[in-house]
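Observations on the model geometry
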Amino acid sequence: MVEPNLNAYLQNQIKQAQDMQAQIEQIASQRYQLDMKVKELEKTLKELNGIGKDVPVYKNVGPVIYKIDDKEKLVSDLDEQRELSQMRLKTLENQQKSLEEKYKELEQTIQKRYEESTRSQNNQGIN
């Protein structure tokens, strides 16, 4: 909560920190969802690689399920999806780390400014 006696600069910094924290939470949520997708793709690929060529394979597209004739193409497509998802996951991890570092710096700046403001107000009250 922003106190009314803080200067406008400090209030702006606090708002930036709150926005940054929301971004970090959003990225963390995206990472979680993407991580679940990668794990699901890995499990699917493991299962597909474990079955013989004579076993029929079906693909779900929306409400329709159809038989796949080219299992190797399906495996290749799923593997490509997994790789792209892993690259996106790595990008999100880097974004989150960068934002967390900036957030810590901003938090320290806010704390320092708040302490300076509090000391200044206390000194003015003494005089």
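Because the structure is predicted, anything quoted here is derived from the model rather than measured.

1. Section: the overall build of the protein chain
If you tally the helices and strands in the protein chain, you get two helices and two strands. Going from N to C terminus, the protein chain has its helices and strands arranged as α-β-β-α. Relative to its length of 127 residues, the protein chain is extended, with a C-alpha radius of gyration of 26 Å against a globular reference of 14 Å. Here the C-alpha coordinates of the protein chain stretch approximately 90 × 25 × 15 Å along the principal axes. Going through the 127 residues of the protein chain one by one, you find that 23% of them count as buried.

2. Observations regarding the confidence of the model for the protein chain
On average, residues of the protein chain score 90 in pLDDT, and 92% of them are at 70 or above. The spread of mean pLDDT over the elements of the protein chain runs between helix 2 (residues 71-126), the lowest at 90, and helix 1 (residues 8-50), the highest at 95.

3. Here's the deal with the nonpolar core
Burial of nonpolar side chains together is a common tendency in soluble globular proteins. The biggest cluster of nonpolar side chains holds 13 residues, and the ones touching the most others in it are A17, M20, L99, Y103, L106 and I110. Those elements giving two or more residues to this core turn out to be helix 1 and helix 2. No other element matches the seven residues that helix 1 contributes to this core. Residue contacts for I110: discarding those within four places in its chain leaves L10, Q13, I14 and A17. Among the nonpolar cores identified, the runner-up in size contains eight residues, and L41, V57, V75 and L78 belong to it.

Conventions we followed
- Residues numbered from 1 in each chain as written.
- Predicted model: local features only at pLDDT ≥ 70, side-chain atom pairs only at ≥ 80, totals over all residues.
- Heavy atoms only, no water.
- Helix = DSSP H or I, 4+ residues; strand = E, 2+ residues; numbered from the N terminus.
- Rg over C-alpha atoms; globule rule 2.2 N^0.38 Å.
- Buried < 20%, exposed > 50% of the residue type's maximum accessible area, 1.4 Å probe, protein only.
- pLDDT = per-residue confidence, 0-100.
- Core = buried A, V, L, I, M, F, W, Y, C linked by side-chain atoms within 4.5 Å.
- Contact = heavy atoms within 4.5 Å.

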